[in-house]
Amino acid sequence: MSISPPQLTANDQQITQKPEKVVVHLSHFTDDLHRCFMAFKMANLMQQHGAEVTVFPDLEGVRLAERRQLLDMTWGPESPPLAKHYEEFTEAGCKVIL
């Protein structure tokens, strides 16, 4: 007995080729570094797996966009700084909307 995989139609192939669109809600910044780091770690992971990711900051999260704000903080003893996570995110073509 032989089982062959189902044949995909042109419509099925178009659906499977479209990347998922994901919005990550960032409502914390220096008031809760764990949440801020996790938002960018998850956004980067989803982008690496093919999703189109947008970060939507509000409340404390909008402070991320202030030019004078340093992103040199870390979360954990061997963690790269937030600047590294943010840089990876933006260099991959992902967006932050305000």
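Residues numbered from 1 in each chain as written. Predicted model: local features only at pLDDT ≥ 70, side-chain atom pairs only at ≥ 80, totals over all residues. Heavy atoms only, no water.

### Structural notes on helix α3 (residues 82-91)
- Of the positions making up α3, those classed as buried are L82, H85 and F89. Taken down its axis, α3 places every buried residue within 65° of arc, on the same side.
- Summarising the contacts, the buried residues of α3 are in contact with α2 (33-48), β2 (52-57) and β3 (95-96).
- A positive backbone phi angle near 90° is found at G93, which sits one or two residues after α3. (Buried < 20%, exposed > 50% of the residue type's maximum accessible area, 1.4 Å probe, protein only. Helix = DSSP H or I, 4+ residues; strand = E, 2+ residues; numbered from the N terminus. Arc of directions from axis to C-beta. Contact = heavy atoms within 4.5 Å.)

### Regarding unusual backbone geometry
- Although it is not a glycine, L59 sits at a positive phi angle of roughly 50°.
- Tracing the sequence through the fold places L59 in the loop between β2 and α3.

### Overview of the side chain of T54
- Mapping T54 onto the fold places it in strand β2.
- With relative accessibility at 18%, the residue T54 sits in the buried group.
- When neighbours within four sequence positions are excluded, T54 is seen to be in contact with V22, V23, V24, F89, K95 and I97.

### Looking at the pattern of salt bridges
- Evaluation of the coordinates by the stated rule reveals 3 salt bridges.
- Note that D32 is salt-bridged to R35, the shortest N-O span being 3.2 Å.
- Taking the relative accessible area as the measure of exposure, D32 reaches 23% and is therefore partly exposed.
- A relative accessible area of 48% places R35 in the partly exposed class. (Salt bridge = Lys/Arg side-chain N within 4 Å of Asp/Glu carboxyl O.)

### Notes on the pairing of β2
- Judged from the 6 bridges that link them, strand β1 (residues 21-26) and β2 form a sheet pairing that is parallel. Each bridged residue has a counterpart across the sheet, and for K21 the counterpart in β2 is E52.
- Handedness of the crossover joining β1 and β2 through α2 is recorded here as right-handed.
- Bridge analysis of β2 against β3 gives 2 bridges, and the strand direction is parallel. Across the sheet, V55 pairs through a bridge with V96, a residue of β3. (Pairing = 2+ DSSP bridges. Right-handed = clockwise from strand over helix to strand, strands pointing away.)

From the geometry alone we can't say anything about function, so treat these as descriptive.
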